[in-house]
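A look at the structure
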Amino acid sequence: MKLAVGLTELSDDNFRFLAQLGVPYVKLDHWSLLMSEPGGCGVLKADELRKLQGQLKPFGIEPYVFLLPQGPHTQYWHARFGDTPERDGEIDHVCETIRICGDCGIPVVEWTWSIVDVWGRTPGPNTAGRGGAQVSRFDYGLIKDKRPDYAVDMGAEEMWDNVVYFMERIVPVAEQAGVRLAMHHHDPPTEVLAGEARILNSFEGMKRFVEEVESPANGLNLCQGTLAEQAGADVLGTIRYFGERDKLNHCHFRNVKGSVPKFDESFIDDGDVDMYEAMKVYKEVGYQHCLMPDHVPAMADDPKGRASCAYAVAYIRALLHVVGAL
């Protein structure tokens, strides 16, 4: 297993901080720098990616995951809506981005499939976690009648049709490029959010996803926090099921308190899931890719989030040591 973090700041000072924590791998987005067109559109720029790899190398850090642009009007935005004039051109851009990742030695490409995406959280001083740390909260009762301007109504089978069309075109390219694809299942995992059916909100949806286009390149970014947000989810059993089938290509190793319709994103050791037991399952199934913290609480006097990052990284490193994986 590999320890990674999301690269939030492109500076030698931050690279040095991560090296001091013992973080050897990072996930990249930085679309304003790395994409060929403004707003996270177009194709990944190979020269900028190689330049960034060169900047990280002296610190012993390698990019392991590239997150495809997400959010409204980014790289493959229109493809989510089905047979639009832009769809196939956008898919060509994604395919070329995947090829560039393979050429540059990036083994995993993470992606999402949603219109409203991660929406509906309630940050702020009234969402306090342990010791008053600011956490992110989701309460469906507060937002069930609200929606962002870009939301559309879309049923489950239409969403499945659109995502399968997309997968049938990008998965063979990923195979040829030697790249694994890691789909982040829907967060929050409600049945419907702002008019959109959340087709990847359950074990059944995740299972159907990996079976729709069978390939060694097709798999999940298992967000353990999002999994725990699914009401009644068997978190350890789900890790085991997909891990034994080699369908886990990336992992957000985080914790939450509660589940849909209301939950808080907690400190890694302060949620409902026994993270030591989870780590043992990853080891038992032979998981080989990255574990990274995500959505960490905001701590006191920590404007850059370094203390909260360090806390989560240290906890993961300790668990990796305990199970004999580091």
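Before reading on, note that the structure itself is shown above.
Within each chain, residue numbers correspond to sequence positions counted from 1 in written order. Residues qualify for local features only when their pLDDT is at least 70, as the model is predicted, and side-chain atom pairs are given and counted only at 80 or more; totals for whole chains, interfaces and linings, by contrast, use all residues. Here the side-chain values reflect all heavy atoms present in the structure, with hydrogen atoms and water set aside.

1. Quick notes on the sheet that holds strand β13 (residues 248-252)
One key point about sheets: their strands pair by backbone hydrogen bonds, in either a parallel or an antiparallel sense. For two strands to count as paired, DSSP must find a minimum of two bridges between them. Under the DSSP-based scheme used, a helix requires at least four consecutive residues in state H or I and a strand at least two consecutive residues in state E, with every element numbered from the N terminus. Spatially, the 8 strands close up into a barrel ordered β1-β2-β5-β6-β9-β12-β13-β16, and their pairing is parallel. Each strand axis lies, on average, 30° off the axis of its neighbour in the sheet, ignoring direction. Bridging between strand β6 (residues 108-111) and strand β9 (residues 180-184) involves 4 bridges; their strand directions are parallel. Bridge pairing links V108 to R180 in β9. Helix α11 (residues 306-322) rests against β1 (2-6) and β16 (290-292) of the sheet, and its axis sits at about 170° to β1. Here, axes are lines fitted to C-alpha atoms. For helices the fit covers the stretch in contact, and angles between N-to-C directions go from 0 to 180 degrees. Residue contacts follow a heavy-atom distance rule, with two residues in contact if any of their heavy atoms lie within 4.5 Å.

2. Notes on unusual backbone geometry
For the peptide bond that leads from D187 to P188, omega is 0°, which places it in the cis range. Note on placement: P188 falls in the loop between β9 and β10 (192-193). Looking along the chain, the bond that leaves V260 and enters P261 is cis, with omega of 20°. For P261, the location among the structural elements is in the loop between β14 (256-259) and β15 (262-265). With a phi close to 60°, D117 is a non-glycine residue in the positive phi region. Within the element layout of this structure, D117 appears in the loop between β6 and β7 (121-122). Despite not being glycine, D301 has its phi angle at roughly 55°, a positive value.

3. Structural notes on the sheet that holds β7
Pairing is antiparallel across the open sheet formed by 4 strands, whose spatial order is β7-β8-β15-β14. At either margin of the open sheet sits one strand with a lone partner, and together these are β7 and β14. Pairing between β14 and β15: 4 bridges, direction antiparallel. Residue pairing across strands places V256 opposite E265, the latter belonging to β15.

4. A look at helix α1 (residues 12-21)
Burial classes follow relative accessibility: with a 1.4 Å probe on protein chains only, a residue under 20% of its type's maximum area counts as buried, one over 50% as exposed, and anything between as partly exposed. Within α1, burial applies to N14, F15, F17, L18 and L21. End-on view of α1: buried residues confined to an arc of 155°, all on one side of the axis. At the exit of α1 stands G22, carrying a positive phi of roughly 85°. Note that the arc is defined by the directions from the helix axis to the C-beta atoms.

Read these as geometric descriptors, not functional statements.
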